[in-house]
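An overview of the molecular structure
Next come the chains, spelled out residue by residue.
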Amino acid sequence: MILTVASFKGGVGKTTTALHLAAFLQGHASTLLVDGDLNRSALQWAEAGKLPFRVCDERQGVRYARQHEHIVIDTAARPEPEDLKAIAKGCDLLILPCSPDALALSALSQMVDALQSLQTNYRVLLTLTPPRPSTAADDARLSLENVGLPLFSGQIRRLAAFQKAALAGVLVSQVRGDRMARIAWNCYVEVGNELLEFV
């Protein structure tokens, strides 16, 4: 399975999503994470050598792809139309992370419009969802469902454990001393289980 994580807006958890879904899939079959973002955030995260899967850039991806059952691709933010076309046609599922704020939802709408003519499978993943009593995540989900967009049932909470994981170069499940780290990891487990149903 080839999964591509893409967004028209930065700061919505794109790399965090690509990395943790790769970790989930690695628990089921050999998985490669291809870092196609010019910022190379996934490669920086992997520098500590503590991730359980290979991370490479897009130039090395061709070399390593045949050795893995699953490939997860982290893309550059706001891909150009031609790049978006190639991204959409080159994967089994396009994952669109989106935080429940007006700017991110607007960027998501623009991306979905750009995808309409490409006949691709995509699904929206709500990320950085705030804790209750905020209803931002519920409101965003209802809004997206009302316009018929496909969404993951699971969503990714806004938790400091993810930043701690990035700083330490580990998965959020490996963060020590943060009682929310397990909850953070379980967010991706829930989404990962939905991906297994997709396969």
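Per an unreviewed UniProt entry, the chain is named ParA family protein, and its organism is Phormidium yuhuli AB48.

Counting its regular elements, the chain contains eight helices and six strands. Ordered by position from N to C terminus, the α and β elements of the chain give β-α-β-α-β-α-β-α-β-α-β-α-α-α. In terms of C-alpha radius of gyration, the chain reaches 16 Å, essentially the compact-globule figure of 16 Å for 199 residues. Overall, the C-alpha framework of the chain stretches about 40 × 40 × 30 Å when taken along its three principal axes. When each of the 199 residues of the chain is scored for burial, the buried share is 51%. Restricting the contact set of the chain to residue pairs at least 6 apart, pairs at least 24 apart contribute 73%. In the chain, 20 side chains carry a positive charge and 20 a negative one; their mean positions are 6 Å apart.

Another aspect to go through is the nonpolar core. Among the nonpolar cores identified, the biggest contains 39 residues, and Leu3, Leu33, Leu51, Phe53, Val72 and Ile95 are the most heavily contacted of them. Among the secondary structure elements, those contributing two or more residues to this core are strand S1 (2-5), helix H1 (14-26), helix H2 (41-46), strand S5 (93-98), helix H7 (160-168) and helix H8 (181-198). Excluding anything up to four places from it in sequence, valine 72 contacts Leu3, Val5, Ala18, Ala22, Leu25, Thr31, Leu32, Leu33 and Val34. In terms of nonpolar packing, the next biggest core, distinct from the first, is built from 24 residues, Ala6, Val12, Cys91 and Leu94 among them.

This structure, assessed with the given rule, holds one cavity of 30 Å³ or more. For the lining of the largest cavity, the elements supplying multiple residues, two or more each, are S5 and helix H5 (102-115). Residue contributions to the lining of the largest cavity peak at four residues, all from H5. Tallied by class, residues from the lining of the largest cavity come to ten nonpolar, one polar and one charged.

Scanning the entire structure with this criterion turns up seven salt bridges. The partner of glutamate 58 in a salt bridge is arginine 40, and the shortest N-O contact between them spans 2.9 Å. Here arginine 40 lies in the loop between strand S2 (31-35) and H2 and glutamate 58 lies in helix H3 (residues 58-65), a separation of 18 residues in the sequence. On the basis of relative accessibility, which here comes to 18%, the residue arginine 40 falls in the buried class. Among the ionic pairs, arginine 59 bridges to aspartate 57, the shortest N-O distance being 2.5 Å. Assessed through its relative accessible area of 64%, arginine 59 is described here as exposed. Among the ionic contacts, a cluster of salt bridges with common partners joins Lys14, Asp37 and Asp74.

Mapped onto this numbering, the UniProt entry annotates "domain: CobQ/CobB/MinD/ParA nucleotide binding" (unreviewed entry) at residues 3-169. Along residues 3-169, the helical share is 42% and the strand share 17%, with 22 Å between the first and last C-alpha atoms.

Definitions and cut-offs
Residues numbered from 1 in each chain as written. Predicted model: local features only at pLDDT ≥ 70, side-chain atom pairs only at ≥ 80, totals over all residues. Heavy atoms only, no water. Helix = DSSP H or I, 4+ residues; strand = E, 2+ residues; numbered from the N terminus. Rg over C-alpha atoms; globule rule 2.2 N^0.38 Å. Buried < 20%, exposed > 50% of the residue type's maximum accessible area, 1.4 Å probe, protein only. Contact = heavy atoms within 4.5 Å. Lys, Arg positive; Asp, Glu negative; His and termini not counted. Charge placed at Lys NZ, Arg CZ, Asp CG, Glu CD. Core = buried A, V, L, I, M, F, W, Y, C linked by side-chain atoms within 4.5 Å. 1 Å grid on protein atoms, 1.4 Å probe; cavity = no way out; pocket = protein on both sides within 12 Å on 5 of 7 lines; lining within 4 Å. Points joined across faces, edges and corners; volume = space filled by probe spheres on them. Nonpolar A, V, L, I, M, F, W, Y, C, P; charged D, E, K, R; others polar. Salt bridge = Lys/Arg side-chain N within 4 Å of Asp/Glu carboxyl O. UniProt positions renumbered as here; feature names shortened; annotations may be inferred.

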